[in-house]
Amino acid sequence: MLDIFLNSFIWLLFFLLAFTTLMPFTRTEAWWIRCWDFPRVHIAVLCVVCCGLALWFTPPAYLWITIISAGFLAFQTTKILPYTPLYPTEITLDPTPPENASFLILAANVLKENEDPSKISDLILSKKPEILLLMETDRSWDAALETALATFKTVKSSPREDHYGMIFATNLEVVAFDFKHFSDDDTPTAVARLIAPNGADFSFIGLHPRPPVPGVDTTDRDEQIHTSATIAHKLNRPVVCMGDFNDVAWSRTSKMVKKRGQFSDPRVGRGFFSSFDATHPLLRFPIDQMYVTKGARLVSFGRGPNVGSDHFPMMATLFIDP
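As a starting point, this report considers the structure included with it. Just so it is clear, the model here is predicted, and its values are computed rather than measured. (Residues numbered from 1 in each chain as written. Predicted model: local features only at pLDDT ≥ 70, side-chain atom pairs only at ≥ 80, totals over all residues. Heavy atoms only, no water.)

Observations concerning the overall build of the chain
Helix and strand counts for the chain come out as 9 helices and 11 strands. In terms of overall size, the chain behaves like a compact globule, its C-alpha atoms giving a radius of gyration of 21 Å where 322 residues would be expected to give roughly 20 Å. Counting only C-alpha atoms and orienting by the principal axes, one finds that the chain spans roughly 70 × 40 × 35 Å. Expressed as a percentage of the 322 residues in the chain, the buried residues total 52%. For the chain, the proportion of contacts with a sequence separation of at least 24, taken over those separated by at least 6, is 68%. A total accessible area of about 14,500 Å² is found for the chain, and carbon and sulfur atoms account for 61% of it. (Helix = DSSP H or I, 4+ residues; strand = E, 2+ residues; numbered from the N terminus. Rg over C-alpha atoms; globule rule 2.2 N^0.38 Å. Buried < 20%, exposed > 50% of the residue type's maximum accessible area, 1.4 Å probe, protein only. Contact = heavy atoms within 4.5 Å. Areas by Shrake-Rupley, 256 points an atom, 1.4 Å probe, with all protein chains shown as cover.)

Here it is, written out as structure tokens:
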């Protein structure tokens, strides 16, 4: 009876691995296929399990399962390896920036239903970021964060009741700012032209497109991310792009966006810095991202503390090379 159960389990696991590995190769934007971009680490672990179980049996069919599953494992590993310390870094940290040149950026998906906004407020007041990007904010969040937001010279808010509200705040000089809508789903993107503390001119783009979930394909999400990359490509100044992309760092879309925008990713060669889901340690993915173009020099990059949201905040200190 045990052999029958294991036999059925191995074949079922093998076909699941084949589906989740091969289907993302298609160019479809269907949510039920693109969602498999996310759990590549989990799929790789299951490949190891499948290989181990298949080796337990001796029939020739299981040898082929082992070989093919090992191939799936190799493919998944090549996707996630760049986001581990085993890979060369893409951005060199500059821990000694010029005096009075660096500034801190804090980006956080606050979770609209979060019942303890004091944690977010305390983090803002303690870290004192020069640029703040908050997502999933509504009018109640605007009111709850009034004290913290009062510490900024410029505050722009687009409150919404559908989990896609946004707050942009900064103490840097603002040359231009607007909430843009880059796709038909009407979710806002913060686009700002700012002056760094050392007088350097740069742009900031804050994103929060919709994720691939039942009923929501990736068409609008990918369009927003691609448009942001196109803007970065056309601007003759450094660009910092940050936010809850609802897309993992190793997806095909992310690769295309990096190439189009000539972006660099501080995660490469350092780690996943998985930001979601903060409430489930075994189900976390790196979907809160930051990209920078040439001229934006990174001093530090990392994940912030748990603030009661389902996302960890992301923080980065950088300066703009004049």
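Observations regarding the nonpolar core
Counting residues in each nonpolar core, the largest one holds 29 residues, and the members touching the most others are Phe103, Ile131, Phe202, Phe204 and Val240. Here this core takes 4 residues from strand 11 (residues 314–320), the largest share from any one element. Once residues lying within four places of it in the same chain are set aside, the contact partners of Val240 are Ile105, Phe202, Ser203, Phe204, Ile205, Met290, Tyr291, Val292, Ala296 and Leu318. Counting 18 residues, the second largest nonpolar core, distinct from the first, contains Ile124, Leu145, Ala148 and Ala169. (Core = buried A, V, L, I, M, F, W, Y, C linked by side-chain atoms within 4.5 Å.)

Some thoughts on the packing of helix 8 (residues 219–234) against helix 9 (residues 252–261)
Packing of helix 8 against helix 9 brings their axes to within 8 Å, and their N-to-C directions diverge by 20 degrees. Compared by their axis directions, helix 8 and helix 9 come out roughly parallel. Like other packed secondary-structure pairs, helix 8 and helix 9 cross with a definite hand, here right-handed. In contact with Arg221, Asp222, Ile225, His226, Ala229, Thr230, Ala232 and His233 of helix 8, helix 9 contributes Thr253, Met256, Val257, Arg260 and Gly261. Classifying every residue of the contact of helix 8 with helix 9 by side-chain character gives 5 nonpolar, 5 polar and 3 charged. (Axes fitted to C-alpha atoms, helices over the stretch in contact; angles between N-to-C directions. Parallel < 35°, antiparallel > 145°, perpendicular 65-115°, else oblique. Left-handed = near helix turned anticlockwise from the far one by under 90°. Nonpolar A, V, L, I, M, F, W, Y, C, P; charged D, E, K, R; others polar.)

Here's the deal with helix 3 (residues 40–56)
With 17 residues, helix 3 should cover 24 Å at 1.5 Å per step; its first-to-last C-alpha distance of 25 Å lies within 8% of that length. Taken as a whole, helix 3 has its buried residues at Arg40, Ile43, Ala44, Cys47, Cys50, Cys51, Leu53 and Ala54. (Expected span 1.5 Å × (residues − 1).)

Focus: the state of the cysteines
For the structure on display, the rule yields 0 disulfides. Cysteine Cys47 is unpaired, with the sulfur of Cys51 as its nearest cysteine sulfur at 6.6 Å. No disulfide involves Cys50; its nearest neighbouring cysteine sulfur is the one of Cys51, lying 6.1 Å away. Exposure remark for Cys50: the relative accessible area of 0% places this residue in the buried category. (Disulfide = S-S within 2.5 Å.)

Points about the layout of surface pockets
Taken as a whole, the largest pocket spans an internal volume of roughly 450 Å³. Pro211, Pro212, Val213, Asn246 and Phe276 are the residues nearest the centre of the largest pocket, which is lined by 23 residues in total. For the lining of the largest pocket, the residue count by class is 14 nonpolar, 5 polar and 4 charged. What lines the second largest pocket is simply Thr21, Pro24, Phe25, Arg27, Arg34, Asp37, Arg40, Phe75, Lys79, Trp250, Ser251 and Arg252. (1 Å grid on protein atoms, 1.4 Å probe; cavity = no way out; pocket = protein on both sides within 12 Å on 5 of 7 lines; lining within 4 Å. Points joined across faces, edges and corners; volume = space filled by probe spheres on them.)

Overview of a nonpolar patch on the surface
Side chains of Phe5, Phe9, Leu16, Val45, Leu46 and Val49 sit close together on the surface and give an oily, nonpolar patch of about 500 Å² of accessible area. Its location among the elements puts Val49 in helix 3. (Patch = residues over 30% accessible without salt bridge, like charges linked within 9 Å, V, L, I, M, F, W, Y side chains within 5 Å. Salt bridge = Lys/Arg side-chain N within 4 Å of Asp/Glu carboxyl O.)

Quick word on the sheet that holds strand 5 (residues 173–180)
Taken in spatial order, the 5 strands make up an open sheet running 5-6-7-8-9, and their pairing is mixed. Taken across any chain shown, the strands that pair with only one partner, and hence form the sheet edges, are strand 5 and strand 9 (288–292). When strand polarity is set aside, the average angle formed by the axes of neighbouring strands in this sheet is 15 degrees. Taken strand by strand, helix 8 contacts strand 6 (189–195), strand 7 (201–207) and strand 8 (239–244), and its axis lies near 175 degrees from that of strand 7. (Pairing = 2+ DSSP bridges.)

Quick look at the packing of aromatic side chains
All told, the structure shown has 16 aromatic pairs when counted by the stated rule. Considering the side-chain rings of Phe168 and Phe177, the 4.8 Å spacing of their centres and the 15 degrees angle between planes classify their relative orientation as stacked. Summarising the aromatic geometry, the rings of Phe273 and Phe301 are spaced 5.2 Å apart at their centres and angled 70 degrees between planes, so their arrangement reads as edge-to-face. Of the two residues, Phe273 is situated in the loop between helix 9 and strand 9 and Phe301 in strand 10 (residues 296–303); the sequence distance between them amounts to 28 residues. Each member of the aromatic cluster is reached from another via a ring pair, and the members are Trp11, Phe14, Phe15 and Phe72. Positioned above the aromatic ring of Tyr164, the side-chain terminus of Arg210 is 4.3 Å from the ring centre. (Phe/Tyr/Trp six-rings, centres within 6.5 Å; stacked < 30°, edge-to-face > 60°. Lys NZ or Arg CZ within 6 Å of the ring centre and 35° of its normal.)

Remarks on unusual backbone geometry
Residues apart from glycine generally show negative phi values, whereas peptide bonds are mostly found in trans. In the segment running from Phe276 into Asp277, the intervening peptide bond is cis, with an omega of 15 degrees. Inspection of the secondary structure puts Asp277 in the loop between helix 9 and strand 9. Phi is positive for Asn100, close to 60 degrees, though the residue is something other than glycine. Locating Asn100 in the fold gives a position in the loop between helix 4 (60–80) and strand 1 (103–109). Within the chain, Phe273 stands out as a residue other than glycine whose phi angle is a positive 50 degrees.

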